[in-house]
Amino acid sequence: MERQLTTGHIGKSLLLFSLPMIAGNLLQQLYNVADTLIVGKTIGADALAAVGSNGSIINLIVNLFMGISIGGSAVIAQHYGAAQYEDVSEATHTCMLVGLISGFFVMVVGVVCTPAILRLMDTPDDVLPLAILYLRIYFLGMPGSMLYNFGAAVLRGVGDTRRPLIFLFFAGIVNVGLNLLLVIQFNLSVAGVGIATVVSQYISAALVLWCMLKTDG
């Protein structure tokens, strides 16, 4: 799964390396879009407004920590290219620890501060309770989301951009399936789409960790 960027045609290698990264970034942004579409089609206007009002917050968090994880990826790539494998191991463990600590920090702060954040954004009072419920559930998935992003950064640092995309795509399918099940079958409304997103985040994190533990080097 590793792609060598030091041999062969540079343009082709860069394209094949970067396309899965771009697709993965888009997939993470589409989690909230999928939630919005499903609640809009199956529940109603208030639920649609509650989920949609959180889109900018979610995109800010995803993009912020995805950007931070790229720094870890660059460090790992430098050590890996120089065959400094002990440094690769140290950087990998540091990267994953930062992801785990960041995830729990954002989860706690987010759950506590959700009402204040949404009021600062002038969320309408009639959808505020549903918006708070959805965003608080979403924040519960932050440790999984961070572990995935930092784990994917480690894999990208050694030239593997395909498996993080595959894992995220599988988690996205689970997200949509659980959305439909929890919203339509169990009538969990906004809570259902939030739970589906959290479960899919932990699935993608588990797959990345499994891959890292099973991959030689």
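About the cut-offs
- Residues numbered from 1 in each chain as written.
- Predicted model: local features only at pLDDT ≥ 70, side-chain atom pairs only at ≥ 80, totals over all residues.
- Heavy atoms only, no water.
- 1 Å grid on protein atoms, 1.4 Å probe; cavity = no way out; pocket = protein on both sides within 12 Å on 5 of 7 lines; lining within 4 Å.
- Points joined across faces, edges and corners; volume = space filled by probe spheres on them.
- Helix = DSSP H or I, 4+ residues; strand = E, 2+ residues; numbered from the N terminus.
- Nonpolar A, V, L, I, M, F, W, Y, C, P; charged D, E, K, R; others polar.
- Core = buried A, V, L, I, M, F, W, Y, C linked by side-chain atoms within 4.5 Å.
- Buried < 20%, exposed > 50% of the residue type's maximum accessible area, 1.4 Å probe, protein only.
- Contact = heavy atoms within 4.5 Å.
- Phe/Tyr/Trp six-rings, centres within 6.5 Å; stacked < 30°, edge-to-face > 60°.

## Considerations on empty space enclosed by the protein
Throughout the structure, instances matching the rule amount to one cavity of 30 Å³ or more. In this structure, the largest cavity occupies an estimated 80 Å³ of space. As for the largest cavity, its lining consists of Gln28, Tyr31, Val62, Tyr138, Ser145, Tyr148, Leu168, Ser200, Gln201 and Ser204. Of all the elements in the fold, those that place two or more residues in the lining of the largest cavity are helix H1 (10-42), helix H6 (142-157) and helix H8 (189-214). Taken together, the residues of the lining of the largest cavity sort by class into five nonpolar, five polar and no charged.

## Digging into the nonpolar core
In terms of nonpolar packing, the biggest core is built from 46 residues, with Ile61, Leu118, Tyr134, Met142 and Met146 touching the most fellow members. Tallying contributions element by element places H6 first for this core, with eight residues. Not counting the four nearest positions on each side in its chain, Met146 is found in contact with Ile61, Phe65, Gly99, Ser102, Gly103 and Val106.

## A word on the environment of Tyr134
Relative to the assigned elements, Tyr134 resides in helix H5 (residues 128-139). Among the residues examined, Tyr134 registers a relative accessible area of 0% and is labelled buried.

## A word on the packing of aromatic side chains
On inspection of all chains with the given rule, the structure shows two aromatic pairs. When the ring of Tyr80 is compared with that of Tyr85, the centres are 5.9 Å apart and the planes differ by 70°; the resulting orientation is edge-to-face. In this structure Tyr80 comes out as partly exposed when scored by relative accessible area, which is 24%.

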